[in-house]
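Results of the structural survey
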Amino acid sequence: MKDKGIPRSKRILLSASFAIPVLSAAVFAYFVLRNQPEAFKLAALTFTAGLLTVAAIEDMVSEAHESGDDTHISPLAFIGGFVLFVLVSAGLEGVVSQS
């Protein structure tokens, strides 16, 4: 945007405006979920985590397809990385809860 001649103040304002939907959604979710049962809150959290995971995986898969030297081991390494992440997360949860 700098090379198109847009003033610095307008660029900063535009960048800061990206926080508005995020903060609005957080406030909305707080007021919607604050008096709900724990199971409903956890279901909403799980749904949101699933959406973020799908977004991250789609981004990584599209970037991986741009690579010209894919092998048959690439998908296995990709899945293995997520399995390792889940196992480490579960292991750390067990260690933290024992303290």
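What counts as what
Residues numbered from 1 in each chain as written. Predicted model: local features only at pLDDT ≥ 70, side-chain atom pairs only at ≥ 80, totals over all residues. Heavy atoms only, no water. Helix = DSSP H or I, 4+ residues; strand = E, 2+ residues; numbered from the N terminus. Phe/Tyr/Trp six-rings, centres within 6.5 Å; stacked < 30°, edge-to-face > 60°. Axes fitted to C-alpha atoms, helices over the stretch in contact; angles between N-to-C directions. Parallel < 35°, antiparallel > 145°, perpendicular 65-115°, else oblique. Contact = heavy atoms within 4.5 Å. Nonpolar A, V, L, I, M, F, W, Y, C, P; charged D, E, K, R; others polar. Patch = residues over 30% accessible without salt bridge, like charges linked within 9 Å, V, L, I, M, F, W, Y side chains within 5 Å. Areas by Shrake-Rupley, 256 points an atom, 1.4 Å probe, with all protein chains shown as cover. Salt bridge = Lys/Arg side-chain N within 4 Å of Asp/Glu carboxyl O. Buried < 20%, exposed > 50% of the residue type's maximum accessible area, 1.4 Å probe, protein only. pLDDT = per-residue confidence, 0-100.

Each helix and strand in the chain was counted, giving four helices and zero strands. Starting at the N terminus, the α and β elements of the chain follow one another as α-α-α-α.

A few words now on the packing of aromatic side chains. Applying the stated rule across the entire model yields one aromatic pair. Between the aromatic rings of Tyr30 and Phe31, the centroid separation amounts to 5.2 Å while the plane-to-plane angle is 70 degrees, which identifies the pairing as edge-to-face.

On to the packing of helix H1 (residues 8-17) against helix H2 (residues 19-33). Where H1 contacts H2, the two axes come as close as 5 Å, and the packing angle between them is 25 degrees. Compared by their axis directions, H1 and H2 come out roughly parallel. Contacts between H1 and H2 involve Ser15, Ala16 and Ser17 on the former and, on the latter, Ala19, Ile20 and Pro21. Here the residues of the contact of H1 with H2 sort into four nonpolar, two polar and no charged.

A few words now on a nonpolar patch on the surface. A contiguous nonpolar surface patch, about 320 Å² in accessible area, is contributed by Met1, Leu14 and Phe18. Its location among the elements puts Phe18 in the loop between H1 and H2. For Phe18, a relative accessible area of 60% translates into the label exposed.

What follows concerns the confidence of the model for the chain. The pLDDT averaged across the chain works out to 82; a share of 85% of its residues lies at or above 70. Model confidence for the chain, summarised as mean pLDDT per element, is weakest for helix H4 (residues 73-98) at 77 and strongest for H2 at 92.

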